[in-house]
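One letter stands for each residue in the lines below.
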Amino acid sequence: MKRVKLIIAVLLCAASIVYATDYSKIESRATRFFNQQEWASASAMYDLMIDSKPSVCENYGYAIVSAGMRNDTLAQISLMDRSLNSHIPLDTLFQSVKKVSFSIGESSLYEDFLIRVKAQYQWLARGIDNYLLEYYAFRNNAPQVIKYSKSMLDGAADNIKFLSYLANGLMQEGQTTEAVETYQKILSI
């Protein structure tokens, strides 16, 4: 009986070592494919990594960007579903997608992904509008900053952060009268 338990323990240890080695091999291949811009192969490797360890958020970021580089919008939404099912925090997921897309100089992938997720998951619309507002402020896209800050102010009229974005957007667009009025509102709050 002791011998059987010992054999089972040894086999379990060997299996865990093989599993860990397989994951690290897949990870190195995924990184290599991603760096060489072989998007289909990178996507396949990141899918395997997500299957093995569904709670690692960084894998979703790379997989979503790889899918975006292949214009595979269905894969992006599928990965979003998988991340939700794995209880990945939305903020962490979106930051991962942002980091990876910016790292390869394709920041529009982040914007496109947010817009796609907003269309697919209406219950996330307000939160995603906040991410889009911050993205457009970073990009100095004044018309979009004005649009999204007004949208966010519909639900929180005295929010200083959204008012500041609005005032800066108005100033960039040359609407100084409205910008000054918005700055005065901020000061009065």
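Treat the numbers as computed from the prediction; the structure is a model and nothing was measured.

Visitor: Describe the overall build of the chain, listing the residues and the values that go with them.
Guide: The secondary structure content of the chain amounts to 10 helices and zero strands. Listing each helix as α and each strand as β along the chain from the N terminus yields α-α-α-α-α-α-α-α-α-α. Scored against the burial criterion, the 189 residues of the chain give a buried share of 37%. Restricting the contact set of the chain to residue pairs at least 6 apart, pairs at least 24 apart contribute 51%.

Visitor: Would you mind going over the packing of aromatic side chains in detail, with residue names and values included?
Guide: For the structure on display, the rule yields 13 aromatic pairs. Residues F34 and W39 carry aromatic rings whose centres are separated by 5.1 Å and whose planes lie at 80° to one another, so their mutual orientation is edge-to-face. Like W39, F34 is buried. Each ring, one from Y46 and one from Y62, has its centre 5.4 Å from the other, and the planes form 10°; the classification is stacked. Of this pair, Y46 sits in helix α2 (residues 39–52) while Y62 sits in helix α3 (residues 57–69), and the two are 16 residues apart along the sequence. Put simply, the rings of F102, Y110, Y135, Y136, F138 and Y148 pair up and form one aromatic cluster. Above the ring of F33, the side-chain terminus of R32 is found at 5.5 Å from the ring centroid.

Visitor: Just give me the short version of the nonpolar core, but keep the residues and values in it.
Guide: Ranked by size, the top nonpolar core spans 49 residues in total, and within it F34, Y46, M80, F94 and V117 carry the most contacts. Contact partners of F34, with chain neighbours within four places excluded, come to W39, A42, Y46, Y62, V65, S66, V100 and I104.

Visitor: So what's going on with the packing of helix α4 (residues 73–85) against helix α6 (residues 107–120)? Which residues, and what values?
Guide: Closest axis-to-axis distance for the α4/α6 pair is 11 Å, and the angle between their directions is 70°. With respect to each other, α4 and α6 are oriented roughly perpendicular. Between α4 and α6 the crossing geometry is right-handed. Where α4 abuts α6, its residues T73, Q76, I77 and M80 lie against F113, R116, V117 and Q120.

Visitor: Go over the confidence of the model for the chain, please, and point to the residues and values.
Guide: In this model, the chain carries an average pLDDT of 89, and 89% of its residues clear a pLDDT of 70 or more. Contacts from residues 13–20, a stretch scored under 50 in pLDDT, to residues over four places away or in other chains number two contacts.

Visitor: Explain the pattern of salt bridges to me, using residue names and the numbers behind them.
Guide: Inspection of every chain in the model, using the stated rule, returns six salt bridges. Between E134 and K161 there is a salt bridge; the shortest N-O distance is 2.8 Å. Of this pair, E134 sits in helix α7 (residues 125–138) while K161 sits in helix α9 (residues 160–172), and the two are 27 residues apart along the sequence. For K161, a relative accessible area of 36% gives the class partly exposed. Each member of the salt-bridge network shares a partner with another, and the members are D47, D51 and R82.

Visitor: Tell me about the environment of M152, and please be specific about residues and values.
Guide: By secondary structure assignment, the location of M152 is in helix α8 (residues 142–153). For the pair M152 and L166, spaced 14 residues apart in the sequence, the C-alpha separation amounts to 10.0 Å.

Visitor: Outline the environment of I189, listing residues and values.
Guide: Along the chain, I189 turns up in the segment after α10 (176–188). Taking relative accessible area as the criterion, I189 reaches 44% and is therefore assigned partly exposed. Distance from I189 to D158, taken between C-alpha atoms, is 7.2 Å for residues 31 residues apart in sequence.

Visitor: Give me the lowdown on α8, citing residues and values where you can.
Guide: Each full turn of the α-helix corresponds to 3.6 residues, which orients residues three or four apart in the same direction. Compared with the 16 Å implied by 1.5 Å per residue over 12 residues, the 16 Å span of α8 between its first and last C-alpha is a close match. Among the residues of α8, those classed as buried are A142, V145, I146, Y148, S149, M152 and L153. On its buried face, α8 is in contact with α6, α7 and α9.

Cut-off values and rules
- Residues numbered from 1 in each chain as written.
- Predicted model: local features only at pLDDT ≥ 70, side-chain atom pairs only at ≥ 80, totals over all residues.
- Heavy atoms only, no water.
- Helix = DSSP H or I, 4+ residues; strand = E, 2+ residues; numbered from the N terminus.
- Buried < 20%, exposed > 50% of the residue type's maximum accessible area, 1.4 Å probe, protein only.
- Contact = heavy atoms within 4.5 Å.
- Phe/Tyr/Trp six-rings, centres within 6.5 Å; stacked < 30°, edge-to-face > 60°.
- Lys NZ or Arg CZ within 6 Å of the ring centre and 35° of its normal.
- Core = buried A, V, L, I, M, F, W, Y, C linked by side-chain atoms within 4.5 Å.
- Axes fitted to C-alpha atoms, helices over the stretch in contact; angles between N-to-C directions.
- Parallel < 35°, antiparallel > 145°, perpendicular 65-115°, else oblique.
- Left-handed = near helix turned anticlockwise from the far one by under 90°.
- pLDDT = per-residue confidence, 0-100.
- Salt bridge = Lys/Arg side-chain N within 4 Å of Asp/Glu carboxyl O.
- Expected span 1.5 Å × (residues − 1).

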